[in-house]
Amino acid sequence: MTTQYYPDFFNDVFGPIMQPGSSGGFAGMARIGNIARDLAGGDLSHVSFQFRDPNKTLAPYFNFMSDRGLLGGLLGFLPDDERLFDAYAHAEKAGVTYDFGFAEMSVENPESLVAIVTRRDGSTGSLVASSVGGGMVVVHEVNGFPLTWKGDTFALISEELSLEQAKEKYAEKAIRILPLAQKARHATAILAEFSEFPQRPKDDRSTVLRPVLPVVTQKDKRPQLFRTMEEWRAAADSRGISFAEAAIEYEISSSGLSRTEILEKFEEIAAVLEGQIHALEKMGYENATDTPNLPIYGKLWNRYTTKREIISDNLTAHIIRHAMSTNAKIPGVKIVPAPMGTGGGYLFSALDAVREKIGATHEQLIEALLVAAGLGAIAFTYSNCSGHDGCTAESGICCAMAAGATCYLAGGDAVAVENAASMALQSNLGIPCDFIPGGLEFPCITRTIRAAVTAPLYADLALSGMDALIPYHEVLQSIASTRNALGSDNICGQDCGICQTPTAKQIMASYEATIIAKS
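S.K.: How would you summarise the sheet that holds strand 10 (residues 206-209) if you had to cite specific residues and measurements?
M.R.: Strand order in the open sheet made by the four strands is 8-9-7-10, with antiparallel pairing throughout. Two strands in the sheet have a free side with no partner beyond their single neighbour: strand 8 (176-182) and strand 10. Across the sheet, the axes of successive neighbouring strands diverge by a mean angle of 20°, strand direction being ignored. Relative to strand 10, strand 7 (residues 154-158) runs antiparallel, the two being bridged by four bridges. What sits directly across from Ile157, in strand 10, is Thr207. The sheet strands contacting helix 6 (residues 163-170) are strand 7, strand 8 and strand 9 (187-194), and the helix crosses strand 8 at an angle near 160°.

The following block contains the structure:
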């Protein structure tokens, strides 16, 4: 039995709906915490989180609130739960102790960790997992058994059942059943995945891990409808439906949801994004409170625009106002990544401003979001859409999604949409992901605002008839080629880009000292 894995609109592209922060460093870690909670069976006493980090520094993890995400998830808080921000207090109240450290591991992903849970009866369990960007996770090992589980099914791990017994018991309902082996103690087990909670063997050597993604993979998941823009156009033409309707058909094939259910989810996403881009206006700019390492830059922008005539044009100013609200990351104001932590808000900043400028309807805006989702699905097919591939795979893909969706909203056809997305992404190739721990969101904020304000530029270029020459999926493929050519250390992390400047190093050292003092 095999499982079809390919990007889903609500798991990969516009997911998760979450509290403000990094989708990989905050939401992904909250999901790993929830998985560790299941491993403990809800009877948790202590947990040790051990990060993979050759530099032995907690600064990047604490900078992205990975500590609070892990602890909050361990207490059952999902990525959209505001209690994540007070995870330490809630852990103390629940009587759960914890520690953070480092461990050697064979997993290459930099955001990987070992979680060792101790139950109140003294028994232990362990897992090795990675946050791979966009809130997505991969579990590599459970209780010493190597496996690959993406958190999109109910996973039964049993040392009690043999492979033959598992197949006989679960043949009709299981998505797949695989043998597991632990060489260290010559032990065997099985992994069985389901789309609903399985009947569990009556023993104490079986664990069920619940899905942490919003869309659970179904046994009858159909093949991916399109992997390129050309295939997307062909799918629409062969069915005699619109380009946007073909995007809906993609999601129906993936999740099994109905057309009505899919549109309802997009309405929910649009509502969250609407609240996100207007959050500062709603609460009052001067009422917003700065948080450590994140000033409310929207205050500065609002003061600036009320005192003088801006240099930029009115549409750009409108997008920046929305983008500043997006970046404020106000606790309690939910966000939607696409693809990075606050990417959905930046994308929507451009779409909503253009919608208002050209007088487009709400229905057209939802269609544009569907087009953005299709562009995102193709992006996730060829790239992990995270900082591991540089900022190109974050703000660059966000810019491409926004440009293509803006082009569609303004009346562009499917070919123009691809040209807009391809030109936008071409202009972002080779940019490193070099966030500065303690660096007040630099250089991330300026890059993501640029992604939003330039989206209409690439839409206009495509609408003028300019041909991007390179198909969108080929530009996506070149992201990995660029990473390999430059080397992973030169494309992501604290050893590349702006982080190598003397001032950035001073900021990081000061931030590290602050963390050590607090801990």
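S.K.: Break down the pairing of strand 5 (residues 136-142) for me, citing the residues and quoting the values.
M.R.: Sheet faces and side chains relate simply in a regular strand, where the side chains alternate between the two faces. Counting buried residues along strand 5, five of its seven residues qualify, which places the element largely inside the surrounding structure. Across six bridges, the pairing between strand 4 (residues 124-133) and strand 5 is antiparallel. Residue pairing for strand 5: Gly133 is matched across the bridge by Met136. Two successive antiparallel strands, strand 4 and strand 5, enclose a turn made up of two residues, where Gly134 displays a positive phi of approximately 65°. Where strand 5 and strand 6 (residues 145-149) come together, three bridges link them in antiparallel fashion.

S.K.: Tell me what's going on with the pairing of strand 8, and back it up with residues and numbers.
M.R.: In the sheet, strand 8 pairs with strand 9 via seven bridges, with the strands oriented antiparallel. Looking at strand 9, one finds that Gln182 is bridged to Ala187. Linking two consecutive strands that pair antiparallel, namely strand 8 and strand 9, is a turn of four residues; a positive phi of about 55° is found at His186 within it.

S.K.: Before we move on, can you summarise unusual backbone geometry with the specific residues and values?
M.R.: In the segment running from Gly15 into Pro16, the intervening peptide bond is cis, with an omega of -5°. In this fold, Pro16 is placed in the loop between helix 1 (9-13) and helix 2 (23-40). Backbone torsion omega between Phe442 and Pro443 reads 0°, so that peptide bond is classified as cis. Examined against the element boundaries, Pro443 turns out to sit in the loop between helix 16 (414-426) and helix 17 (444-463). For Leu440, which is not glycine, the phi dihedral falls at a positive 55°. Of note, the phi angle at Glu441 is positive, near 75°, even though the residue is not glycine. The class of Glu441 is partly exposed, set by a relative accessible area of 22%.

S.K.: Please set out the environment of Ala244 residue by residue, giving values where relevant.
M.R.: Note that Ala244 resides in helix 8 (residues 243-255). In the structure, Ala244 is positioned 86 residues away from Ser158 in sequence and 44 Å away in space, judged by C-alpha atoms. In this structure Ala244 touches Glu367, Leu370 and Tyr408, once residues within four positions along its chain are discounted.

S.K.: Go over the nonpolar core with me, naming the residues and quoting the values.
M.R.: General note: in soluble globular proteins, nonpolar side chains tend to be found buried as a group. Formed by 95 residues in total, the largest nonpolar core has its most connected members in Phe14, Trp232, Phe266, Leu369 and Tyr472. Here this core takes 14 residues from helix 14 (residues 362-382), the largest share from any one element. The contacts of Phe14, once residues within four sequence positions are left out, are Phe9, Phe266, Ile269, Val336, Pro337, Ala338, Leu369, Ala372, Ala373 and Met401. In this structure, Ala91, Trp149, Ala187 and Leu209 belong to the second largest nonpolar core, which totals 49 residues.

S.K.: Before we move on, can you summarise the sheet that holds strand 4 with the specific residues and values?
M.R.: Here six strands make up an open sheet; going across it, the order is 2-1-3-4-5-6 and the pairing mixed. Two strands close off the open sheet at either side, each with one partner strand: strand 2 (97-102) and strand 6. Mean inter-strand twist for the sheet, computed between neighbouring axes without regard to direction, equals 20°. In the packing of helix 2 onto the sheet, contacts are made with strand 1 (44-51), strand 3 (112-119), strand 4, strand 5 and strand 6, and the angle to strand 4 comes to roughly 160°. Helix 4 (residues 66-74) rests against strand 1, strand 2 and strand 3 of the sheet, and its axis sits at about 150° to strand 1.

S.K.: An account of the environment of Glu196 is needed here, citing residue identities and associated values.
M.R.: Assignment of secondary structure puts Glu196 in the loop between strand 9 and strand 10. Separated by 23 residues in the primary sequence, Glu196 and Lys173 have C-alpha atoms spaced 8.8 Å apart. Non-local contacts of Glu196, meaning those with residues more than four positions away in its chain, are made with Phe154 and Lys173.

S.K.: Run through helix 7 (residues 229-239), naming residues and quoting values.
M.R.: Considered for burial, the residues of helix 7 that qualify are Met229, Trp232, Ala235 and Ala236. Along the long axis of helix 7, the arc covered by the buried residues comes to 120°, so they all point the same way. Exposed side of helix 7, more than 90 degrees from the buried face: Glu230, Asp237 and Ser238 are the residues found there. Residues of helix 7 that are buried in the fold lie against helix 8, helix 14, helix 16 and helix 18 (472-486).

S.K.: Outline the pattern of salt bridges, listing residues and values.
M.R.: Enumeration over the complete set of coordinates arrives at 14 salt bridges. Lys299 is paired through a salt bridge with Asp290; the nearest N and O atoms lie 3.9 Å apart. On the basis of relative accessible area, Asp290 is assigned to the partly exposed category, the value being 42%.

S.K.: I'd like to hear about the packing of helix 2 against helix 4, residue by residue, with values.
M.R.: The relative placement of two packed helices comes down to the angle between their axes together with the axis-to-axis distance. Interaxial distance between helix 2 and helix 4 falls to 6 Å at its minimum, and their mutual angle equals 30°. Crossing of helix 2 over helix 4 shows right-handed handedness. Residues Gly25, Phe26, Met29, Ala30, Ile32, Gly33, Asn34, Ala36 and Arg37 of helix 2 lie in contact with helix 4, whose contacting residues are Ser66, Arg68, Gly69, Leu70, Gly73 and Leu74. Taken together, the residues of the contact of helix 2 with helix 4 break down into seven nonpolar, six polar and two charged.

The rules behind each value
Each chain has its residues counted from 1, following the order in which its sequence is written. Under the rules for a predicted model, residues below a pLDDT of 70 receive no local features and side-chain atom pairs below 80 are neither given nor counted, while totals for whole chains, interfaces and linings still include all residues. The basis for every side-chain value is the complete set of heavy atoms in the structure, and neither hydrogens nor water enter the calculation. Two strands are counted as paired when DSSP detects at least two bridges linking them. Helix and strand assignments follow DSSP, with helices taken as H or I runs no shorter than four residues and strands as E runs no shorter than two, numbered in order from the N terminus. All axes are obtained by fitting lines to C-alpha atoms, using only the stretch in contact for helices, and the reported angles, taken between N-to-C directions, cover 0 to 180 degrees. Contact definition: two residues touch when any of their heavy atoms are within 4.5 Å. With a 1.4 Å probe rolled over the protein chains alone, any residue whose accessible area is under 20% of its type maximum counts as buried; one over 50% counts as exposed, and the rest are partly exposed. Remark: nonpolar core denotes a set of buried residues (Ala, Val, Leu, Ile, Met, Phe, Trp, Tyr, Cys) joined through side-chain atoms within 4.5 Å. Note that the arc is defined by the directions from the helix axis to the C-beta atoms. A pairing counts as a salt bridge when a side-chain nitrogen of Lys or Arg comes within 4 Å of a carboxyl oxygen of Asp or Glu. Helix crossings get a hand from a simple test, with the near helix turned counterclockwise from the far one by less than a right angle marking a left-handed crossing and a clockwise turn marking a right-handed one. Ten residues, namely Ala, Val, Leu, Ile, Met, Phe, Trp, Tyr, Cys and Pro, are considered nonpolar, four, namely Asp, Glu, Lys and Arg, are considered charged, and the remaining ones, Gly among them, are considered polar.

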